[in-house]
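Close look at the chain arrangement
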Amino acid sequence: MPSEANHPPRLALAQARKEHEGWRADRALCDLVKGINRRAAKTLFHKRVIRLNGKMATGSERVRVGDEFEFPDPASKTGQILLNDAAATRLSTPHGRQLPRLYEDDTLLVISKPSEIPVHRGQGGFTRRDTIEDVLGRAYPPPPGAAYDEQGFYLVHRLDMETSGCMLVAKNAAARDALIRDFSERKIQKQYLAIVTGEVAWQSLIVRRPIIYLKAGDDERGVKTGKSGQPWHKRGRPKPVLLGQKKGVVLEEGDLKGKAAETQFKVLERFKGYTLIHASPKTGRTHQIRVHALSTGHPLAYDPLYGRRTPLRFREFELRSMDSDAGEDVILNRLPLHAWKLSFRHPATGEEMSFEAKLPRDLREFLRLLRKYRKK
């Protein structure tokens with residue numbers, strides 16, 4: 001992020017007046033700071049960025065005349081981001097799944113996408129789930145008097161439904177065009193964390209194998225991708241491609257029948273039977289990291305389309321749980337793939353920006369078990 005956002009926000013001060021006597025602290029803060037409503041105040045207290053008389057406050061304290069509030073300074077950039085984020089419309093599905101904001105201004109939005117939420121309807125063959133488009137459509141409707149093709153937001157790239165992490169959204173057509181152009185010119189850097197099967201022998205590797213895509217009804221066994229005439233990732237009977245899905249198969253490097261694709265891999269941590277890797281795709285092909293990882297002989301630890309189709313359970317990692325009910329507990333049933341970092345130039349200001357999405361709880365727990373039971 002910009003340099004200022006890497007430091008604690010500059011604080012502003014305000015004192016409770018006579019009319020605030022006996023009020024809750026969150027209610028008093030709303031009255032003292034312009035532009036903060038009650039929900040925003042509760043959010044700021046919950047984030048522990050508000051102090052009352054020098055002590056971290058919860059918002060439920062009763063205020064007395066002269067009590068002093070310390071809060072993010074609206075005149076500073078970091079403070080403005082915090083206050084705007086607290087006051088912004090919540091991004092959530094009807095079932096309560098939250099889409100945390102990592103950054104927002106008048107031009108763009110960066111969210112941390114949860115896993116198992118499709119970006120758009122029909123993605124991966126799913127048509128009945130609430131999507132990222134649905135959530136954003138409720139929060140950012142077209143402006144009043146907008147032209148028929150004008151929107152309140154524009155998607156400039158996608159993530160697989162089960163992939164979590166950083167996702168960039170434009171808030172006007174000019175920003176959309178600029179960001180799409182930067183993606184196509186490879187000016188936007190995307191960095192992923194992934195957990196793959198096997199103990200990877202190499203420390204770093206660049207894969208430049210083109211990808212051809214199959215759809216429902218195509219025969220994967222007919223795709224010639226090597227000297228043997230069989231797919232690089234043939235492991236038993238291929239899983240059929242469902243209606244609405246597409247499946248990538250890697251070709252020989254330089255084969256013009258496929259779409260050019262390049263991914264840089266780097267090993268971060270090895271375990272018995274698994275490896276944590278860093279992946280940086282230089283192109284943006286569908287399923288690129290999944291397909292390229294598979295082509296190296298190390299598919300994702302769980303991937304029903306390209307690798308293992310059954311969830312990982314606790315009994316596979318802890319011998320004492322083999323005969324207990326705890327052994328059946330599922331510890332991983334989604335792609336262990338996380339869009340960790342996104343770096344780009346702001347389309348309006350030209351400022352270099354970089355954001356990180358914290359590793360979700362399920363992947364943190366999986367890594368904890370690997371470090372405990374599969375440590376090298």
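Summarised in this report is the structure supplied together with it.

Cut-offs and rules
- Residues numbered from 1 in each chain as written.
- Predicted model: local features only at pLDDT ≥ 70, side-chain atom pairs only at ≥ 80, totals over all residues.
- Heavy atoms only, no water.
- Helix = DSSP H or I, 4+ residues; strand = E, 2+ residues; numbered from the N terminus.
- Pairing = 2+ DSSP bridges.
- Contact = heavy atoms within 4.5 Å.
- Axes fitted to C-alpha atoms, helices over the stretch in contact; angles between N-to-C directions.
- Left-handed = near helix turned anticlockwise from the far one by under 90°.
- Nonpolar A, V, L, I, M, F, W, Y, C, P; charged D, E, K, R; others polar.
- Core = buried A, V, L, I, M, F, W, Y, C linked by side-chain atoms within 4.5 Å.
- Buried < 20%, exposed > 50% of the residue type's maximum accessible area, 1.4 Å probe, protein only.
- Salt bridge = Lys/Arg side-chain N within 4 Å of Asp/Glu carboxyl O.
- Lys, Arg positive; Asp, Glu negative; His and termini not counted.
- Polar contact = N/O pair within 3.5 Å; in protein donor to acceptor, adjacent residues only side chain to side chain.
- Arc of directions from axis to C-beta.

A positive phi angle, close to 60 degrees, is found at Arg48, a residue other than glycine. With respect to the helices, strands and loops of the structure, Arg48 is situated in the loop between α2 (38-46) and β2 (51-52). One non-glycine residue, Arg186, adopts positive backbone phi at about 60 degrees. Topologically, Arg186 is positioned in the loop between α5 (173-184) and β9 (189-197).

Reading across from one edge, β1-β4-β2-β3 is the order of the four strands in this open sheet, with antiparallel pairing throughout. Lying at the two open borders of the sheet, with one neighbouring strand each, are β1 (11-15) and β3 (55-56). Strands in contact with helix α1 (residues 25-32) are β1, β2 and β4 (68-72); relative to β4, the strand with the most contacts, it is inclined by about 70 degrees.

Our focus in this paragraph is the packing of α1 against α2. Packing of α1 against α2 brings their axes to within 9 Å, and their N-to-C directions diverge by 120 degrees. Note that α1 runs across α2; the crossing there is right-handed. Listed contacts from α2 to Ala25, Asp26, Arg27, Leu29 and Cys30 of α1 are Arg38, Ala41, Lys42 and Phe45. By residue class, the composition of the contact of α1 with α2 is five nonpolar, no polar and four charged.

A few words now on the nonpolar core. Counting residues in hydrophobic clusters, the biggest one holds 31 residues, and the most contacted among them are Leu91, Ile132, Leu136 and Phe265. Looking at this core, the elements that each hand over two or more residues are β6 (108-113), α4 (132-139), β8 (164-170), β9, β13 (263-271), β14 (274-281), α6 (288-295) and β17 (337-345). Take this core: its biggest share by element is four residues, from α4. Every residue in contact with Leu136, bar those within four places of it in the chain, is listed here: Leu91, Leu109, Phe153, Leu155 and Val169. By size, the runner-up hydrophobic cluster in this structure holds 23 residues, among which are Ala12, Ala14, Ala40 and Phe45.

The subject of this paragraph is the environment of Gly35. Positionally, Gly35 belongs in the loop between α1 and α2. The exposed category is assigned to Gly35, whose relative accessible area is 65%. Along the chain, Gly35 and Leu83 lie 48 residues apart, while their C-alpha atoms are 8.4 Å from each other.

Here we come to the pattern of salt bridges. Taken as a whole and assessed by the stated rule, the structure comprises 24 salt bridges. For Arg10, the salt bridge identified is with Asp73, shortest N-O distance 3.3 Å. Separated by 63 residues along the polypeptide, Arg10 in the segment before β1 and Asp73 in the loop between β4 and α3 (77-87) bring together distant segments of the chain. Judged by its relative accessible area of 47%, Arg10 falls in the partly exposed class. One continuous salt-bridge network, built from bridges that share partners, spans Arg24, Asp26, Arg38 and Lys42.

Relative to the assigned elements, Asp105 resides in the loop between β5 (101-104) and β6. Although Asp105 is buried, it forms no salt bridge, and the closest oppositely charged side chain is Lys171 at an N-O distance of 6.1 Å. At 2.8 Å, the side chain of Asp105 and the backbone nitrogen of Thr107 are in polar contact. Those residues in contact with Asp105 that sit more than four places away from it in its chain are Lys171 and His346.

Attention now goes to α4. Those residues of α4 that fall on the buried side of the exposure criterion are Ile132, Val135, Leu136 and Ala139. Within α4, the buried residues cover an arc of 90 degrees as seen down the axis, which keeps them to one side. Those residues of α4 that are buried lie in contact with β6, β7 (154-155) and β8. With a side-chain oxygen lying 3.3 Å from the backbone nitrogen of Glu133, the N-terminal cap of α4 falls on Thr131.

This next bit is on the pairing of β13. Along any regular strand the residues' side chains alternate between the sheet's two faces. Pairing of strand β10 (residues 204-207) with β13, which is carried by four bridges, proceeds in the antiparallel orientation. Across the sheet, the residue bridging to Val207 is Thr263, located in β13. Of the strand pairs in this sheet, β13 and β14 are connected by eight bridges, and their pairing is antiparallel. Bridged to Lys266 within β14 is His278. Joining the antiparallel neighbours β13 and β14 is a turn of two residues, in which Gly273 adopts a positive phi near 90 degrees.

With that settled, consider the environment of Glu318. Inspection of the secondary structure puts Glu318 in the loop between β15 (312-313) and β16 (330-332). Sequence separation between Glu318 and Tyr373 is 55 residues; the distance between their C-alpha atoms is 6.7 Å.

A separate point is the environment of His157. In this fold, His157 is placed in the loop between β7 and β8. By relative accessible area, which is 10% here, His157 ends up buried. As for His157 and Ile180, which are separated by 23 residues in sequence, their C-alpha atoms are 7.8 Å apart. Apart from residues lying up to four places away in sequence, His157 is in contact with Cys166, Met167, Leu168 and Phe183. Here the side chain of His157 touches Leu168 through a polar contact of 2.8 Å, landing on its backbone nitrogen.

A few words on α2. Since the α-helix packs 3.6 residues into each turn, any two residues three or four apart lie on the same face. If you check which residues of α2 are buried, you get Ala40, Ala41, Thr43, Leu44 and Phe45. Summarising the contacts, the buried residues of α2 are in contact with α1, β4 and α3. The opening residue of α2, the one whose side-chain oxygen lies 2.7 Å from the backbone nitrogen of Ala40, is Asn37. Arg48 occupies a position one or two residues after α2 and carries a positive phi of about 60 degrees.

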